[in-house]
Amino acid sequence: MKWKTRLGAGVTAFAAVLGVMSTPAASATALAAPDISLANIKTHLAQLQTIANNNGGTRSARGGGYAASVSYVENLLKNAGYTTTRQTCTSCLGQSQNLIAEWPQGDASQVIMLGAHLDSVSAGPGINDNGSGSASILEVALTLARTNPAMAKRVRFGWWADEESGLVGSKYYVNNLPSAERTKIKTYLNFDMIGSKNWGYFVYDDVASIKAIFDEYFTSIGIPTEGDSEGDGRSDHASFKSAGIPVGGLATGAGDIKSSAQAQKWGGTAGSPFDNCYHRACDTTANIPDAPLEKNSDAIGYALWKLAVATPQGNDFSVAVNPAAGTVQPGQSLQVAVNTTTTSGSAQSISLSASGLPAGATATFSPATISSGGSSTLTITTSSSTPTGTFPLTVTADGANADHTASFSLGVGSTSCAPVTNSTRLDIPDYPGAAVSSTANVGCARNASGTTKVEVHITHTYRGDLVLDLIAPDGTAYRLKNSSSDSTPNIDTTYTVNASSEAANGAWKLQIKDVGPADTGYLSSWTLTV
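Because the structure is a prediction, the values reported are computed rather than measured. (Residues numbered from 1 in each chain as written. Predicted model: local features only at pLDDT ≥ 70, side-chain atom pairs only at ≥ 80, totals over all residues. Heavy atoms only, no water.)

Novice: Would you explain helix α10 (residues 290–308) in this entry?
Specialist: In an α-helix, one turn spans 3.6 residues, which is why side chains three or four residues apart end up on the same side. The terminal C-alpha atoms of α10, which comprises 19 residues, lie 27 Å apart, in line with the 27 Å expected from a rise of 1.5 Å per residue. Of all 19 residues making up α10, 15 are buried, and the element is well covered by its neighbours. (Helix = DSSP H or I, 4+ residues; strand = E, 2+ residues; numbered from the N terminus. Expected span 1.5 Å × (residues − 1). Buried < 20%, exposed > 50% of the residue type's maximum accessible area, 1.4 Å probe, protein only.)

Novice: Can you help me understand the sheet that holds strand β3 (residues 107–117) in this one?
Specialist: Backbone hydrogen bonds are what pair the strands of a sheet, in a parallel or an antiparallel way. The mixed open sheet is built from 8 strands, whose spatial order is β1-β2-β4-β3-β5-β8-β6-β7. What marks the edges here is a single partner per strand, and that holds for β1 (83–88) and β7 (226–227). Bridge analysis of strand β6 (residues 202–203) against β7 gives 2 bridges, and the strand direction is parallel. Paired with Val-203 across the two strands is Gly-227, which belongs to β7. (Pairing = 2+ DSSP bridges.)

Novice: Explain the packing of aromatic side chains here, please?
Specialist: Given two aromatic rings, their pairing is described by the distance between the two centres and the angle made by the two planes. If you walk through the whole model with that rule in mind, you get 14 aromatic pairs. Their ring planes at 50 degrees and their centres at 4.9 Å tell us that Tyr-82 and Trp-103 sit as a pair that is tilted. Remark: Trp-103 occurs in strand β2 (residues 97–103) and Tyr-82 occurs in the loop between α3 (64–80) and β1; sequence separation between them is 21 residues. Overall, Tyr-82 belongs to the buried group, its relative accessible area being 5%. Between Phe-202 and Trp-266, the ring centres sit 5.3 Å apart and the planes meet at 75 degrees, which makes this aromatic pair edge-to-face. Note that Phe-202 is positioned in strand β6 and Trp-266 in helix α9 (residues 260–266), a separation of 64 residues in sequence. Residue Phe-202 shares its accessibility class with Trp-266, and that shared class is buried. (Phe/Tyr/Trp six-rings, centres within 6.5 Å; stacked < 30°, edge-to-face > 60°.)

Novice: How do you make sense of the packing of α3 against helix α4 (residues 127–147) when you look at a structure like this?
Specialist: When two helices pack together, their arrangement is given by the angle between the helix axes and by the axis-to-axis distance. Interaxial distance between α3 and α4 falls to 10 Å at its minimum, and their mutual angle equals 10 degrees. With respect to α4, the element α3 is oriented roughly parallel. Of α4, the residues touching α3 (which contributes Tyr-72, Val-73, Leu-76, Leu-77 and Ala-80) are Leu-138, Ala-141, Leu-142 and Ala-145. Of the residues that constitute the contact of α3 with α4, the class distribution is 9 nonpolar, no polar and no charged. (Axes fitted to C-alpha atoms, helices over the stretch in contact; angles between N-to-C directions. Parallel < 35°, antiparallel > 145°, perpendicular 65-115°, else oblique. Contact = heavy atoms within 4.5 Å. Nonpolar A, V, L, I, M, F, W, Y, C, P; charged D, E, K, R; others polar.)

Novice: Would you explain the nonpolar core in this entry?
Specialist: A general feature of soluble globular proteins is that nonpolar side chains tend to end up buried together. The biggest cluster of nonpolar side chains holds 64 residues, and the ones touching the most others in it are Leu-77, Phe-157, Trp-159 and Leu-304. Discounting chain neighbours no more than four positions away, the residues touching Leu-304 are Ile-112, Leu-114, Val-140, Leu-144, Val-155, Phe-157 and Val-309. Listed in part, the 30 residues of the second largest apolar core include Val-436, Ala-504, Trp-508 and Leu-510. (Core = buried A, V, L, I, M, F, W, Y, C linked by side-chain atoms within 4.5 Å.)

Novice: Quick question: what am I supposed to make of helix α7 (residues 208–220) here?
Specialist: With 13 residues, α7 extends 18 Å from end C-alpha to end C-alpha; this agrees with the ideal 18 Å at 1.5 Å per step. Buried residues in α7 make contact with β5 (185–191), β6, β7, β8 (247–251) and α10. One or two steps after α7, the chain reaches Gly-222, where phi turns positive at roughly 75 degrees.

Novice: Could you clarify how one ought to interpret unusual backbone geometry in this entry?
Specialist: Note: most peptide bonds trans; most residues except glycine with negative phi. Here the residue pair Asn-322 and Pro-323 is connected by a cis peptide bond, since its omega of -5 degrees sits within 30 degrees of zero. By the element assignment, Pro-323 lies in the loop between β9 (316–322) and β10 (325–328). One non-glycine residue, Met-193, lies in the positive phi region at around 65 degrees. At Asn-490, a position not held by glycine, the phi torsion is positive, near 70 degrees. Tracing the sequence through the fold places Asn-490 in the loop between β23 (477–481) and β24 (491–497).

Novice: Help me understand the pattern of salt bridges in this model?
Specialist: Two side chains bearing opposite charge may form a pair once their charged atoms approach each other closely. Under the defined criterion, the tally for this structure stands at 16 salt bridges. The salt bridge partner of Glu-181 is Lys-184, with a shortest N-O separation of 2.9 Å. With Glu-181 and Lys-184 both in helix α6 (residues 179–184), this residue pair falls 3 residues apart, about one helical turn. The closest approach of N and O atoms between Arg-234 and Glu-230, which form a salt bridge, is 3.5 Å. Of the two residues examined, Arg-234 and Glu-230, each falls in the buried class. Salt bridges sharing partners connect three or more residues here, namely Lys-78, Asp-474 and Glu-502. (Salt bridge = Lys/Arg side-chain N within 4 Å of Asp/Glu carboxyl O.)

Novice: Would you explain the side chain of Ser-344 in this entry?
Specialist: Looking at the element boundaries, Ser-344 is found in strand β11 (residues 333–344). At a separation of 2.8 Å, a polar atom in the side chain of Ser-344 contacts the main-chain carbonyl oxygen of Gly-314. (Polar contact = N/O pair within 3.5 Å; in protein donor to acceptor, adjacent residues only side chain to side chain.)

Novice: Could you clarify how one ought to interpret the environment of Ala-308 in this entry?
Specialist: By the element assignment, Ala-308 lies in helix α10. Sequence separation of Ala-308 and Pro-125 is 183 residues, and the distance between their C-alpha atoms is 33 Å. When neighbours within four sequence positions are excluded, Ala-308 is seen to be in contact with Ile-112, Met-151, Ala-152, Lys-153 and Val-155.

In structure tokens, the structure reads:
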């Protein structure tokens, strides 16, 4: 959370115009929201802590800890079926990146957006501020993908860069949205510091109808709430509110002092800050209690299901493939599970089929017809003539009352990926010149590894000017190096990124941009090991 001037509440009047539901009682909840796994959220937080430990104890936007955090979150989302986009924020420290993920179902003209800033202050790892919000909406996103309910509205998630410098990443995102795209965002929900050690339960009170949804959940579990006066205007919801987008969200307190009345209401220690480790090195996984994290994450799930999931009409079900990707050699076969869940009404008969297979490949289901709530085994068999490559398959579940699909990525070919070196000299234009790139063509049919290596050799008189990105064949950017004040010449470094969600086969690029004046250089060679 970053200190900002308190904003007025003028956006409230826009709520009805922009499509926020009037009151929770006036609309039926589509489906009961599933439990959001506390254990999984704590796993995400442990990963963020490890990333900070490996990057000088911080995940600040100016360093490698933030870039590694983006990669961790993005890989999980891509594997779950989200459409992800990295947006380079040119006004952010180190030109760090916002991460946007959209679930590709529901009415695209009505977007419910959830967000949390992913950066920390430079003083610490930022596990409550704001690993707690980031990890919680990540697990909500993954739960949405696993349960795959019918959607009334489109759901989009954002993890923001450089909030700690003044909401820079979210401002950049909102300011670069065309007017027509802004109007599609009917509600933005923000989650910043939802696991404070001496916690309270604070609900943003900018829009009464949005606050009422969260209050409805907390009332159902016997927890009283208060409006979030401490956080008003201090986090990324302010960027959306300033653009006229209705906002809501949750917090558990930062540096303010818990009163005696609040301690009587929620427990904890009166006279002490809600988070004594706010913006300090002690904001680690040891600073996060289970209770507020679990209750707030379930509240997020409740609100999302209430706002975006379709009201069931009769008998319905969902379908998912596990795992969602696999690789075989030509002439071999693989098996995956096709799982269904009855989401409303009664179970129904479902016939299974697959499309998108490459030449010489077949798909069989055992059994081929199931009742919703049951599972089947999908066997994909290739022949010696099946071409190599990566093929997106669609599994269709044709039910008696409803039809649904799930996706599977099939890789065919050699899984041995030799290192690829490009030693062609590439001159790097001085600032404000455009970014340049060098290509390495990889030929193998598996995913890249979680420890993809990028060995870079650059001759340059001021290496702190340079920003390096690895660009995957599908266009996803993996930040290798941010700009800095490092005046040391030259780069002779091997970077490691988690690119395990990417198909290895294709053209990878090393992109280089000089963001500082007066110094020049060139790329002499680079080697990619996927």
